[in-house]
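Coordinate inspection notes
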Amino acid sequence: MVKQIVLSQHDMPESWYNIVADLPSAMPPQLHPETLEPMTREDMLPLLPAGIVDQEFATERWIEIPDRVRELYQIWRPSPLYRATSLEKALGTPAKIFFKYEGVSPAGSHKPNTAIPQAYYAAQEGVKRLTSETGAGQWGSALAFACAQFGLEATVYMVRASYNQKPYRKMLMATWGATVHSSPTELTEAGRKILAEDPNSNGSIGIAISEAVQDAMSREDTKFALGSISNNVLLHQTVIGLEAKKQLEIAGEYPDVVIGCVGGGSGYAGLAYPFLYDQLSGKRTGTKFYAVEPEACPSLSRGQYAYDYPDTASLGPVLPMYTLGHTFMPAPIHAGGLRHHGSSPTMGVLAQHGLITPRTYSQNQIFDAAVQFARTEGFVIAPESAHSIRGVVDEALAAKEAGEARTILMHVSGHGHFDMAAYDAYLAGRLEDFEPTESEISTALESLPDTKSLV
Ligand SMILES: *Cc1c(COP(=O)(O)O)cnc(C)c1O
């Protein structure tokens, strides 16, 4: 039985796949945060590199990957696809479990797939400095790594909960030359406002985005980089699924189920969209797509499909998404990368049409699976990725129950080497579970902007 399927560097995709070309219904436009009128290219140019703005509005199906980006992707791509034979055996399942492993990148997650092109377009336009937010530190690390490749300065606003829980991520970013702040800070208006209301704020990805945006807008030489949610980010991540498709072809397989964890949804989209393309174009039918979220931050499962701001201070473009409300404050779970109140716009459309189905799990449920994965497959994976594993374990057990040899494909978004405190807490039985109440969600939903309804 094959354990690992590797591609050569010549097999790396030459284009990214843009699902906007194939959505089952038109994506509602993004709106300007102040006027609530459709966002134009000109509205975005002060904030983002022009190359990125173009991709944000792109409607063509295939977008060529620049040579320099492909060259840098080769530091770690194509990433390996593994068959989880030992996990299958431990579960006694007839299912075949394949996992695409993105922990092999220098930053340890899938995030460099978009950090590299974002830094590339910025450098091409003479931008000197990029700012961004980071939750668990994965995106900040990826951006710091990418900026170092292009000689750009990087300033990262890191959610305070993670800044305190994960000091090594901050050291990693500093090693690549980035400046890292614990958000909320006193450096921006958005940060000062939050601290005035709650000096002990744990921060959130939404607050950190607001700070990074205000910083970028305050300087001519600086642009902003977003690690998830945007169309352009999801576009860049499709190298994952395009490679996985070739790898499964080599194995003579096609997935019945595609599973991944979802914060903003970029990594899962990266894996799933090239397979969804087959569904949307009628080449294949019947594949199921499961997006796994934390019970503590269930945007697709319990959110409303509505227009909302991507950040707490209402500075970013208003997006059509499944949202818990941009004032929703997720509990400080270890999967910091999944603590976002909203989904990406394309994923919203796909979930609306029932093409993607959400699942939720608690912290203890996902670590049960992550530890089982470590003890079978060997990899100690990120708490975010542990959500994928839990979804896969349940699917594999359901396949056993049904006596079906389903082929399951999963996204393992990163390694967990900087998350050992979380494993330690789990092993010591100290891990807390969190679930927002109905009233917490409905209160946060009152913060939705006054736009026309999406449903
Ligand atoms: C950022 C991150 C996620 C969540 O972001 P998505 O955009 O939903 O993919 C998941 N896993 C890891 C390891 C991450 O760094």
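Refer to the preceding data block for the structure.
Described in the following lines is the structure provided in the data block. Worth saying up front: this structure is predicted, and the values here are computed from it rather than measured.

Attention shifts here to the overall build of the protein. A count of helical and extended segments in the protein gives 19 helices and 15 strands. With the C-alpha coordinates of the protein rotated into their principal frame, the extents come out at 55 × 50 × 45 Å. A total of 455 residues make up the protein; the buried ones form 63% of that total. For the protein, long-range pairs separated by at least 24 residues make up 77% of all intrachain contacts whose partners lie at least 6 apart in sequence. Carbon and sulfur atoms provide 49% of the accessible area of the protein, an area that totals close to 16400 Å². A gap of 7 Å separates the mean positions of the 35 positive and 51 negative side-chain charges of the protein.

Core analysis: the largest hydrophobic core is formed by 53 residues, its most contacted members being Trp16, Tyr73, Ile116, Leu130 and Phe224. The leading source of residues in this core is helix α6 (residues 138-150), at eight residues. Residues in contact with Phe224, not counting those within four places in the same chain, are Leu47, Leu48, Pro49, Leu130, Thr131, Ser132, Glu133, Ile209, Ala212, Val213 and Ala216. With 38 residues, the next largest nonpolar core counts Leu81, Leu234, Ala244 and Tyr277 among its residues.

The subject of this paragraph is helix α5 (residues 112-124). If you check α5, its first and last C-alpha atoms are 18 Å apart, about what 13 residues at 1.5 Å a residue would give, namely 18 Å. Across the 13 residues that make up α5, a large majority, eleven, are buried. Pro112, Asn113, Thr114, Ala115, Ile116, Pro117, Gln118, Ala119, Tyr120, Tyr121 and Ala122 are the residues of α5 that are buried.

Taken as a whole and assessed by the stated rule, the structure comprises zero disulfides. Looking at Cys261, it has no disulfide partner, and the nearest cysteine sulfur is the one in Cys297, 13 Å off.

It is worth spelling out helix α18 (residues 420-427) at this point. For α18, the complete set of buried residues consists of Ala422, Tyr423, Ala425 and Tyr426. The buried residues of α18 occupy an angular sector of 160 degrees when projected down its axis, which confines them to one face. Where the residues of α18 are buried, they touch α16 (363-376) and α17 (383-402). Gly429 lies just past α18 and shows a positive phi near 70 degrees.

So, on to the site of the ligand. Lining the immediate environment of the ligand, one finds 17 residues, of which Lys111, Ser228, Gly265, Ser266 and Ser413 sit closest. A distance of 2.6 Å separates an oxygen atom of the ligand from a polar side-chain atom of Ser266. With respect to the ligand, the side chain of Ser413 contributes an N or O atom lying 2.7 Å from a nitrogen atom. Coverage of the ligand by the protein chains reaches 97% of its 380 Å² of free accessible surface. Here the residues of the shell around the ligand are counted per class, giving three nonpolar, twelve polar and two charged.

Bringing the pattern of salt bridges into the picture now. Considering all chains together, one arrives at 19 salt bridges under this definition. Residue Asp215 pairs with Arg129 through a salt bridge whose shortest N-O separation is 2.9 Å. You can see Asp215 sitting in helix α10 (residues 205-217) and its partner Arg129 sitting in strand β6 (residues 129-134), a full 86 residues away along the chain. Arg129 matches Asp215 in its accessibility class, with the two residues each being buried. Across the pair Asp278 and Lys283 runs a salt bridge whose closest N-O atoms are separated by 3.9 Å. Taken together, the shared-partner salt bridges in this structure form one network comprising Arg77, Lys100, Glu102 and Glu243.

Here seven strands make up an open sheet; going across it, the order is β1-β4-β5-β15-β10-β11-β14 and the pairing mixed. Unpaired on one side and paired on the other, β1 (4-5) and β14 (357-361) mark the two borders of the sheet. When strand β10 (residues 257-261) meets strand β15 (residues 407-412), the two strands line up parallel, connected through three bridges. Of the residues in β15, the one forming a bridge with Ile259 is Met410. The strands that helix α12 (residues 239-251) touches are β1, β4 (81-83), β5 (96-101) and β15; relative to β5, the one it contacts most, it runs at about 140 degrees.

Let us now look at the side chain of Thr407. Mapped onto the elements of the fold, Thr407 is located in strand β15. If we ignore the near neighbours within four places in the chain, the residues touching Thr407 are Lys96, Phe98, Glu253, Tyr254, Pro255, Asp256 and Val257.

Working definition: the strands of a sheet are paired by backbone hydrogen bonds and lie parallel or antiparallel to each other. Spatial strand order, β8-β7-β6-β9: four strands in an open sheet with parallel pairing. Every interior strand has two partners, whereas the edge strands, β8 (179-183) and β9 (222-224), have only one. Within the sheet, the average angular offset between the axes of one strand and its neighbour, ignoring direction, is 25 degrees. By the bridge criterion, five bridges tie strand β7 (residues 153-159) to β8 in an arrangement that is parallel. The residue bridging Tyr157 from the neighbouring strand is His181, located in β8. Contacts between helix α8 (residues 167-175) and the sheet are confined to β6, β7 and β8, with β7 contributing the most and set at about 170 degrees to the helix.

Parameters at a glance
- Residues numbered from 1 in each chain as written.
- Predicted model: local features only at pLDDT ≥ 70, side-chain atom pairs only at ≥ 80, totals over all residues.
- Heavy atoms only, no water.
- Helix = DSSP H or I, 4+ residues; strand = E, 2+ residues; numbered from the N terminus.
- Buried < 20%, exposed > 50% of the residue type's maximum accessible area, 1.4 Å probe, protein only.
- Contact = heavy atoms within 4.5 Å.
- Areas by Shrake-Rupley, 256 points an atom, 1.4 Å probe, with all protein chains shown as cover.
- Lys, Arg positive; Asp, Glu negative; His and termini not counted.
- Charge placed at Lys NZ, Arg CZ, Asp CG, Glu CD.
- Core = buried A, V, L, I, M, F, W, Y, C linked by side-chain atoms within 4.5 Å.
- Expected span 1.5 Å × (residues − 1).
- Disulfide = S-S within 2.5 Å.
- Arc of directions from axis to C-beta.
- Near = heavy atom within 4 Å.
- Polar contact = N/O pair within 3.5 Å; in protein donor to acceptor, adjacent residues only side chain to side chain.
- Nonpolar A, V, L, I, M, F, W, Y, C, P; charged D, E, K, R; others polar.
- Salt bridge = Lys/Arg side-chain N within 4 Å of Asp/Glu carboxyl O.
- Pairing = 2+ DSSP bridges.
- Axes fitted to C-alpha atoms, helices over the stretch in contact; angles between N-to-C directions.

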